[in-house]
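Below are the chains, spelled out letter by letter.
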Amino acid sequence: MTNLPLFFIFLNFLHIIKKKTICFFFFWEIPATKPRNLLSLHDDVVSVQQSTPSSRALLPWRTRISLSLLSKLTDAARRPNGTINRGLMSFLDLRSSATPSAPYKGVTTSNVTVHQTRNLWFRFFVPSTTSSSPASLPVVVFFHDGGFSFLSPDSYAYDAVCSKFPREIPAVVVSVNYRLSPEHGYPCQYDDGLNVLKFLDQNPDSLPDLADCSRCFLAGDSADANIAHHVAVRACREPFRVVKPIRLISIQPFFGGEERTESEIRLEGAPLVSVTRTDWLWKAFLPQNPESCHKTQKPGGFVETEEI
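Values in this document were obtained by computation on a predicted structure and should not be read as measured data.

**Here's the deal with the pairing of strand β2 (residues 107–115)**
Here is step 1 of the chain: Summarising the sheet, β2 and strand β3 (residues 120–127) pair through eight bridges and their orientation is antiparallel. For Asn-111, the partnering residue across the bridge sits in β3 and is Arg-123.

What follows is the structure in structure tokens.
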């Protein structure tokens, strides 16, 4: 069901961290010192446009069927009153347990609680080491997709893809479990992401010794590339001692606006990601009666014009 999207996410990470190239996403370098104005961050955006066949031509028939089924299931979980049937989703969302004592396919995983009341925690993924392994590894703080509203780090799909990164990059991966909308809308997800960075800064021993938090990548796909983006902007304001975010990897980031773009028009009626579904997700995430284009919906939305 998720093989193709996971493959692209995995391939993109390998390219950006291991081979320093870019494909189908935005790549930003986060300055070591605070910029004179945070708008300068957006001068560092690099994108590579590639002409591709239609998504229908790219997707195998099994994947199209799986995506169609997933679309029906998530549609069934979304109630007309703007809430989500969590009972139904918990039944459909297969989970994977952490493996802190016995590596699985060369990767050890553990869960760390940041704030119990808010159910804020993360799962970290560490590759098995050998005599030839590096003495330290970069840290990838990853935000799973789900339209701000679905899934978690222990969801089978994201546990699987985050297990691939440590083996192939290699790196220590921190997958964040943030609060979900509509129960917890803006800005809870951004707050949770920044709180995880603060926790790592104040508790560096929560990760293995080989985790080098001075080489910290913030990453996410789709709606959670949006989270990674805004957490990165917020992180520029923080006086971190240990954690040093140096790169932002945004895989097909989810931004929007009042006026329909050409890509949104093409997605009308598409499986899983369609205008109807994305409108619902924005409405569930944003405050009631927001302005026509809320600051979270566009790159740099949190960037104010005053100097920092």
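**Looking at the nonpolar core**
Here is step 1 of the chain: Ranked by internal contacts, the top residues of the largest apolar core, which has 40 residues, are Phe-122, Val-141, Leu-197 and Leu-207.
Here is step 2 of the chain: Of all the elements in the fold, those that place two or more residues in this core are β3, β4 (137–143), β5 (172–177), α6 (188–202), β6 (211–221), α7 (223–235) and α9 (275–285).
Here is step 3 of the chain: For Leu-207, the contacting residues outside a window of four places in its chain are Phe-122, Phe-124, Val-139, Val-174, Leu-200 and Cys-213.
Here is step 4 of the chain: Val-161, Ile-169, Ala-171 and Ile-249 belong to the second-largest nonpolar core, a separate cluster that totals 15 residues.

**With respect to a nonpolar patch on the surface**
Here is step 1 of the chain: Nonpolar side chains collect at one region of the surface, where Trp-61, Ile-65 and Leu-69 lie side by side and expose about 340 Å² of accessible area between them.
Here is step 2 of the chain: Considering the arrangement of structural elements, one finds Leu-69 in helix α3 (residues 61–77).

**Some points on the packing of aromatic side chains**
Here is step 1 of the chain: A complete count under the given rule lists eleven aromatic pairs for this structure.
Here is step 2 of the chain: Taken together, a centroid distance of 6.0 Å and an interplanar angle of 80° make the contact between Tyr-186 and Tyr-190 edge-to-face.
Here is step 3 of the chain: By relative accessible area, which is 0% here, Tyr-190 ends up buried.
Here is step 4 of the chain: On the basis of an interplanar angle of 70° and a centroid distance of 5.8 Å, the ring pair of Tyr-190 and Phe-285 is categorised as edge-to-face. Taken together, the residues Tyr-190 in helix α6 and Phe-285 in helix α9 connect sequence positions 95 residues apart. Comparing Tyr-190 with Phe-285, the two get one shared label, buried.
Here is step 5 of the chain: Connected via pairs of aromatic rings, a cluster forms that spans Phe-148, Tyr-186, Tyr-190, Phe-254, Trp-282 and Phe-285.
Here is step 6 of the chain: Note that Arg-78 overlies the ring of Trp-280, its terminal NZ or CZ placed 5.2 Å from the centroid.

**Thoughts on unusual backbone geometry**
Here is step 1 of the chain: A cis amide bond links Ile-169 to the next residue, Pro-170, at an omega of -15°.
Here is step 2 of the chain: For Pro-170, the location among the structural elements is in the loop between α5 (156–168) and β5.
Here is step 3 of the chain: Look at the link from Ser-181 to Pro-182: it is a cis peptide, with omega at 5°.
Here is step 4 of the chain: Locating Pro-182 in the fold gives a position in the loop between β5 and α6.
Here is step 5 of the chain: Notably, Leu-151 is not glycine yet its phi reads approximately 70°, a positive angle.
Here is step 6 of the chain: Among the structural elements, Leu-151 can be located in the loop between β4 and α5.
Here is step 7 of the chain: The class of Leu-151 is partly exposed, set by a relative accessible area of 29%.
Here is step 8 of the chain: Within the chain, Ser-222 stands out as a residue other than glycine whose phi angle is a positive 60°.
Here is step 9 of the chain: Note on placement: Ser-222 falls in the loop between β6 and α7.
Here is step 10 of the chain: Take Ser-222: its relative accessible area is 24%, and that puts it in the partly exposed class.

What counts and what doesn't
- Residues numbered from 1 in each chain as written.
- Predicted model: local features only at pLDDT ≥ 70, side-chain atom pairs only at ≥ 80, totals over all residues.
- Heavy atoms only, no water.
- Pairing = 2+ DSSP bridges.
- Helix = DSSP H or I, 4+ residues; strand = E, 2+ residues; numbered from the N terminus.
- Core = buried A, V, L, I, M, F, W, Y, C linked by side-chain atoms within 4.5 Å.
- Buried < 20%, exposed > 50% of the residue type's maximum accessible area, 1.4 Å probe, protein only.
- Contact = heavy atoms within 4.5 Å.
- Patch = residues over 30% accessible without salt bridge, like charges linked within 9 Å, V, L, I, M, F, W, Y side chains within 5 Å.
- Areas by Shrake-Rupley, 256 points an atom, 1.4 Å probe, with all protein chains shown as cover.
- Salt bridge = Lys/Arg side-chain N within 4 Å of Asp/Glu carboxyl O.
- Phe/Tyr/Trp six-rings, centres within 6.5 Å; stacked < 30°, edge-to-face > 60°.
- Lys NZ or Arg CZ within 6 Å of the ring centre and 35° of its normal.

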